[in-house]
Amino acid sequence: MDCRLLITSDVHGSVSAYSYSDKKEISAGLSKLSKLIFELKNENTLLLDNGDILQGSPLLYHHYLFMADKTNPMAKVMNYLGYDYLNTGNHDFNYGSKIMRAFYRDVNAKWITGNIYQDNSPINSGYVIHEFDNKIKIALIGCVTHYIPNWEHPDHIRGYTFEESLAFVKRTVMKIKEIEKVDHIICMYHGGIERDLQTSKETELITGENQGYEICRQTEGLDLLITGHQHRSLVAKINNTIVTQTAQDAQEIAVVDVFKDHIDARLLKASDSIDDKMLDIVKDEEEKTQVWLDKPLGKLKEGNLLIDDMFGARLHKHPLVSFLNQVQMDSANVDIAAVGLANKVYGFNNEITMRDIISSYVYPNSLVVVELTGGQLKEALEKSAEYFAIKDGKIVVSDSFERPKPKHYNYDMFDGIEYTIKVSNPHKNRIIKLLYKGNPVDDYAYYKVAMNNYRAVGGGDYRMYKKARLVKDTQKHIVDCIADYIIKNKIIEVDHKNNISVII
Ligand SMILES: [Mn+2]
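1. Let's talk about the overall build of the protein
Moving on, step 1. Helix and strand counts for the protein come out as 14 helices and 31 strands.
Moving on, step 2. Relative to the 2.2 N^0.38 estimate, which gives 23 Å for 504 residues, the radius of gyration of the protein is 24 Å and therefore close to what a compact globule would have.
Moving on, step 3. Taken along its principal axes, the extent of the C-alpha atoms in the protein is 75 × 50 × 45 Å.
Moving on, step 4. Evaluated residue by residue, the protein yields a buried proportion of 47% over its 504 residues.
Moving on, step 5. Sequence separation of at least 24 residues holds for 74% of the intrachain contacts in the protein that already meet a minimum separation of 6.

2. Let's talk about helix H8 (residues 283–293)
Since the α-helix turns once every 3.6 residues, residues separated by three or four places project in the same direction.
Moving on, step 1. Taken together, the buried positions of H8 are Glu285, Thr289 and Leu293. Down the axis of H8, the buried set is contained in an arc of 75°. They therefore lie on one face. When the buried face of H8 is taken as reference, the exposed residues oriented beyond 90 degrees from it are Lys283, Asp284, Glu287 and Val291.
Moving on, step 2. Those residues of H8 that are buried are in contact with helix H2 (58–66), helix H3 (73–81), strand E20 (351–353) and helix H11 (354–360).

3. Things to note about the domain arrangement of the protein
Where the parts come together, the accessible area they lose is often given as the size of the interface.
Moving on, step 1. In terms of domain boundaries, the protein breaks down into domain 1 (3–289) and domain 2 (296–503).
Moving on, step 2. When each unit is reduced to the centre of its C-alpha atoms, the spacing between domain 1 and domain 2 is 34 Å.
Moving on, step 3. Counting residues at the interface gives six residues for domain 1, matched by eight residues for domain 2.
Moving on, step 4. Its residues assigned to classes, the side of domain 1 that touches domain 2 comprises three nonpolar, three polar and no charged.

4. A look at the environment of Ile492
Moving on, step 1. With respect to the element layout, Ile492 can be found in strand E30 (residues 491–492).
Moving on, step 2. Discounting residues that sit within four places of it in the chain, Ile492 has contacts with Gly298, Lys299, Leu300, Lys301 and Ile486.

5. Notes on the environment of Gly56
Moving on, step 1. Within the fold, Gly56 resides in the loop between strand E2 (45–49) and H2.
Moving on, step 2. Note on Gly56: 22 C-beta atoms within 10 Å, which makes it buried.
Moving on, step 3. With sequence-adjacent residues up to four places away left out, Gly56 is seen in contact with His12, Gly13 and His91.

6. Brief notes about the sheet that holds strand E16 (residues 296–300)
Whenever strands of a sheet pair, they do so through backbone hydrogen bonds, lying parallel or antiparallel.
Moving on, step 1. The three strands lie next to each other as E20-E16-E30, forming an open sheet whose pairing is mixed. With one partner strand each, in any of the chains shown, E20 and E30 form the two edges of the open sheet.
Moving on, step 2. Looking at chain direction, E16 and E20 are connected through three bridges and run antiparallel. Bridge pairing in E20 places Lys299 opposite Glu351.
Moving on, step 3. Strands in contact with helix H14 (residues 478–489) are E16, E20 and E30; relative to E16, the strand with the most contacts, it is inclined by about 70°.

7. Observations concerning the sheet that holds strand E10 (residues 184–190)
Moving on, step 1. Spatial ordering of the open sheet is given by E7-E8-E10-E11-E13-E12, a layout of six strands whose pairing is mixed. The open sheet has two edge strands, strand E7 (127–131) and strand E12 (234–238), and neither has a second partner. Within the sheet, the average angular offset between the axes of one strand and its neighbour, ignoring direction, is 20°.
Moving on, step 2. In this sheet, E10 lies alongside strand E8 (residues 137–144) in parallel orientation, the contact comprising seven bridges. Following the sheet pairing, Gly142 is matched in E10 by Met188.
Moving on, step 3. Each of E7, E8 and E10 touches helix H5 (residues 165–179); the most contacted strand, E8, lies at about 160° to it.

8. Section: the nonpolar core
Moving on, step 1. Cys187 and Leu225 are the most contacted members of the largest nonpolar core, which totals 75 residues.
Moving on, step 2. Residue contributions to this core peak at six residues, all from E8.
Moving on, step 3. Excluding its chain neighbours within four sequence positions, the residues that come into contact with Cys187 are Ile141, Cys143, Val169, Leu222, Leu225 and Ile226.
Moving on, step 4. Residues Val339, Val369, Met413 and Tyr419 belong to the second largest nonpolar core, which totals 64 residues.

9. Points about the environment of Tyr465
Moving on, step 1. In this structure, Tyr465 sits in the loop between helix H13 (453–456) and strand E29 (469–477).
Moving on, step 2. For the pair formed by Tyr465 and Arg4, sequence separation is 461 residues and the distance between their alpha carbons is 43 Å.
Moving on, step 3. Tyr465 has contacts with Val370, Ala380, Arg455, Ala456 and Gly458, leaving out every residue within four places of it along the chain.

10. Structural notes on the packing of H2 against H8
Moving on, step 1. Their axes nearest at 9 Å, the elements H2 and H8 cross at an angle of 90°. Taken together, H2 and H8 sit at an angle that is classed as roughly perpendicular. Across from Pro58, Leu59, His62 and His63 in H2, the residues of H8 making contact are Glu285, Glu286, Lys288, Thr289, Trp292 and Leu293.
Moving on, step 2. Classifying every residue of the contact of H2 with H8 gives four nonpolar, three polar and three charged.

11. Things to note about the pairing of strand E15 (residues 263–269)
Moving on, step 1. Relative to E15, strand E14 (residues 252–258) runs antiparallel, the two sharing seven bridges. Following the sheet pairing, Ile253 is matched in E15 by Leu268.
Moving on, step 2. Here E14 folds back onto E15, and the loop between the two strands holds four residues.

12. Remarks on unusual backbone geometry
Moving on, step 1. Positive phi outside glycine occurs at Asn239, with the angle close to 60°.
Moving on, step 2. Along the chain, Asn239 falls in the loop between E12 and strand E13 (241–245).
Moving on, step 3. If you check the backbone angles, Asn333 has positive phi at about 60° while not being a glycine.
Moving on, step 4. Its location among the elements puts Asn333 in the loop between helix H10 (319–332) and strand E18 (337–340).

Rules of the game
- Residues numbered from 1 in each chain as written.
- Predicted model: local features only at pLDDT ≥ 70, side-chain atom pairs only at ≥ 80, totals over all residues.
- Helix = DSSP H or I, 4+ residues; strand = E, 2+ residues; numbered from the N terminus.
- Rg over C-alpha atoms; globule rule 2.2 N^0.38 Å.
- Buried ≥ 20, exposed ≤ 12 C-beta atoms within 10 Å, placed from the backbone.
- Contact = placed C-beta atoms within 7 Å.
- Arc of directions from axis to C-beta.
- Domains from an automatic or database assignment.
- Nonpolar A, V, L, I, M, F, W, Y, C, P; charged D, E, K, R; others polar.
- Pairing = 2+ DSSP bridges.
- Axes fitted to C-alpha atoms, helices over the stretch in contact; angles between N-to-C directions.
- Core = buried A, V, L, I, M, F, W, Y, C linked by C-beta atoms within 7 Å.
- Parallel < 35°, antiparallel > 145°, perpendicular 65-115°, else oblique.

If you want it as structure tokens, here you go:
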């Protein structure tokens with residue numbers, strides 16, 4: 001039998017095969033990967049996870065709120081699947097190191113992340129040696145992006161330090177080559193790739209967050225680098241190293257066949273069949289989660305935030321938009337925020353449930369802060385203002401936001417500033433008034449704006465953001481920001497302002 005590695009990454013607590021917002025079946029979740037895993041497994045197979053397992057699903061959010069003293073559902077599910085080795089991801093620290101350590105205690109797989117130090121001593125050995133039955137021998141390294149302290153709450157990583165990924169992998173591979181006799185050296189790295197795979201041009205600011213490319217370039221003798229963190233779907237070769245990465249939420253698995261003199265890697269999508277036995281393992285918590293999803297987390301002081309007219313909600317900024325910006329400003333501690341609405345949003349009843357939140361904010365985006373010049377802020381508003389057009393003397397949605405694909409979510413509405421969009425003016429000349437605290441915005445002054453990470457990297461063609469400085473990356477999902485805000489405040493007073501005028 002050939003040796004094989006099966007690798008998941010960035011599973012983010014996804015077990016269920018059903019959407020938590022509308023209960024429809026989805027092509028994700030470990031219960032859908034399960035069949036594939038059992039089919040591909042043989043006695044010479046190792047099942048690996050590359051981190052970001054402990055955060056990202058309502059099942060886990062509920063678990064940490066109400067059942068944190070019980071065994072983590074991810075430990076149960078991973079024990080059922082028979083995982084062998086685990087690496088840590090940055091999100092695995094999100095609920096504190098106690099939660100994380102309890103998980104690694106309760107899971108049968110061996111935790112191998114080697115570049116985490118507690119009180120200056122490494123938590124795990126730098127690597128493990130695994131010999132398959134047919135005598136093929138591999139060295140397996142675990143490494144997590146050392147950028148964690150730039151995102152994580154200091155309380156969650158108190159006492160912990162992280163060795164630079166590149167330096168750690170380089171010296172560990174060197175050591176393995178010196179003292180071990182193995183057929184292949186393999187590294188699970190919870191970090192991404194910072195350069196274009198073809199041109200090797202930088203695809204992001206080089207901060208150290210993602211060092212996959214540099215690791216391959218500088219580490220002779222590394223045969224396979226299992227990456228993650230960016231949720232991309234790829235198999236590639238950088239220098240002499242094969243590189244894999246899988247999409248998030250257990251949508252797919254990387255399959256690596258290991259031979260004496262070479263390795264083959266490919267990705268496989270989850271199957272259509274759902275493993276009911278796995279769902280049974282978490283049934284109790286899942287049912288409790290479903291009940292909790294429909295329980296109010298808090299209520300509005302008055303009225304509701306339901307949307308019956310999507311165009312109207314954008315033309316005359318709906319109070320729900322004000323509320324979303326209010327949450328973003330509060331969570332990021334800044335006084336300007338921007339948000340768009342998904343193509344179709346139902347909104348909130350007077351009592352707000354978690355299901356309302358995940359149905360109204362449908363993107364897995366996280367909250368960041370970008371520092372813009374007044375000039376860039378104006379450019380962004382001009383970009384947003386392109387949403388509108390005039391037809392038969394009326395303001396309507398511009399065709400480019402309807403076709404080929406409806407992209408109403410690319411119209412952003414800002415709070416913390418006051419502005420007027422004159423739709424009859426040509427593009428890039430539509431913002432005719434722009435005030436911050438009652439004074440005109442200065443082209444050369446700086447303004448901190450809370451927004452989601454997708455927009456901040458220029459998503460939706462907001463290119464001006466790419467040139468701006470990211471001053472804060474909370475790595476916290478906006479859904480979690482909204483839930484935390486409602487749980488904290490209980491009675492919600494929406495600070496609604498009529499600060500955007502859209503005129504002909
Ligand atoms: Mn992730």
